[in-house]
Amino acid sequence: MKQLALALALTFSITTHAQVTVEESRLEQAMKNIPARIMNRHDAEVSALREALIRATSPSQAIQISTEHGRRLWQQSTQHNQRTEEYEDRSLYWSRLNATALMRDLPLRFEADTTFRQSLIDRFEWSSRGMDDIRFQPGYKRILITGFDPFLLDRRIDQANPSGVAAQMLDGMVVELGKQRAQIEAVIFPVRFADFDSGIVERFLAPYLQAPEVDMVVTLSMGREGFDLEHFPGRRRSAKAPDNLNITLGTSLQRPLPPRAGDHELEGPEFVEFSLPVMPMLTVQTPYLVRDNRKVLTLQGEQSPSNLDELKGQTAVEGSGGGYLSNEISYRSLLLRQQLGSNIPMGHLHTPAIQHYKRDELKKIVQQIEKILQNASQTLTPAQLKHVSPSPDKPHWYERRDK
């Protein structure tokens, strides 16, 4: 109890500053509703980050410290999960927010304006999401998966996200494929419209698609009752739900709007098609059903097309994955694949939804994801991985933030 009281006092001192974000301001409520063993798990790492930044004597040293400690937070969280099989993503999420809130007005030994402090936070965020910790072993098939932070936290402050749990549990895992092996590497994306508009998806993925440095990409998010392979992602946002900063964009089913790409609208077709091997993924039908979801909504109405040609001339309202960021990460990644001339199998998998945190359900979900990925990766052949000529509208505004 004494440790919890101390943690609450520390969190309160952090989250009452005027500069904190909406996400960071939820820390106090989270401390009251989520077990202390979860909230306090990475306190030592956050404290180490604080002390190291206070001792930093130059901006470049502070940037390096932020990057290294973000990476350490990611590694500690994934290693703890895999060692204890706790299936817990909330410790990483809330510890990251504790750290970023602290970094906004931490006393430093050199001049640090708001812009520089945001760059420190950006570096810490990038590395604490696993985005500079991708290490594939030579000779293995390479599977890259992405998850999301917990979201809609004003409804359930203790909410977990199966996609983020899967990212941490499967990061670095090697699966057997008969005479071959496949390695899974994972990252977690924020649930923030602004990050997507500024190109976080493209900045992260572009280097891995251009080489190519991966053999398959599967984006994950929490969805409906079972698993859905989202066949036709749509270009537009139409969900009314806020992001984790409580930002709403005025979109609706009657007013679907395209996302941004920097200072302009994201340009592309109204729908794209995923390229994952459907049939092997559909063979894993337990404990949750897996379906090939082709249902979309256009201004012309609801339909379930068999191919993209049936959607020509129609305006997207919802893709197969809906009208929120889960649909958007799939659309952006597939559009980027097309722009870069890549043939890498890629697509989105919606997981079953959970409420709050339920370890047994999360374990079942993650184990089924592992089996789905294993089945899908067995179909990869050199012909599928052949690089083709990029399209003439190859994007020019993507740059990895960690460089």
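Here the structure is shown first, and the text comes after it.
Thresholds, definitions, all that
Residues numbered from 1 in each chain as written. Predicted model: local features only at pLDDT ≥ 70, side-chain atom pairs only at ≥ 80, totals over all residues. Heavy atoms only, no water. Phe/Tyr/Trp six-rings, centres within 6.5 Å; stacked < 30°, edge-to-face > 60°. Helix = DSSP H or I, 4+ residues; strand = E, 2+ residues; numbered from the N terminus. Buried < 20%, exposed > 50% of the residue type's maximum accessible area, 1.4 Å probe, protein only. Salt bridge = Lys/Arg side-chain N within 4 Å of Asp/Glu carboxyl O. Pairing = 2+ DSSP bridges. Axes fitted to C-alpha atoms, helices over the stretch in contact; angles between N-to-C directions.

A.B. asks: Looking at this model, I keep getting lost on the packing of aromatic side chains. Mind explaining?
C.D. replies: Aromatic ring pairs: the centre-centre distance and the angle between the two ring planes describe each pair. In total, this model carries ten aromatic pairs according to the counting rule given. Ring geometry for F148 against F196: centres 6.1 Å apart, planes inclined by 15 degrees, an arrangement best described as stacked. Linking F148 in strand β1 (residues 141-148) with F196 in helix α10 (residues 193-197), this pair joins segments that are 48 residues apart in sequence. The same class applies to F148 as to F196, namely buried.

A.B. asks: Explain the pattern of salt bridges to me, please; I cannot follow it from the model alone.
C.D. replies: It is possible for side chains bearing opposite charge to pair when their charged atoms get close. In the structure shown here, the tally under the stated rule is 32 salt bridges. With a shortest N-O distance of 2.7 Å, R41 and E86 are connected by a salt bridge. Highlighted residues: R41 in the loop between α4 (36-39) and α5 (43-55) and E86 in the loop between α6 (59-84) and α7 (90-103), separated in sequence by 45 residues. Close ionic contact of R224 with D228 constitutes a salt bridge, the shortest N to O distance being 2.7 Å. According to the relative accessible area criterion, R224 is partly exposed, its value standing at 33%. Judged by its relative accessible area of 2%, D228 falls in the buried class.

A.B. asks: What is the right way to look at the sheet that holds strand β9 (residues 296-298) in this model?
C.D. replies: The strands making up a sheet are joined through hydrogen bonds of the backbone, oriented either antiparallel or parallel. The three strands lie next to each other as β10-β9-β11, forming an open sheet whose pairing is antiparallel. Every other strand in the sheet has two partners, leaving β10 (301-303) and β11 (316-318) as the edge strands with one partner each. Adjacent strand axes in the sheet meet at a mean angle of 35 degrees, parallel and antiparallel pairs treated alike. Sheet topology places β9 next to β11; two bridges connect them, and they run antiparallel. Note that in β11 the partner of L297 across the bridge is E318.

None of this, on its own, says anything about what the molecule does.
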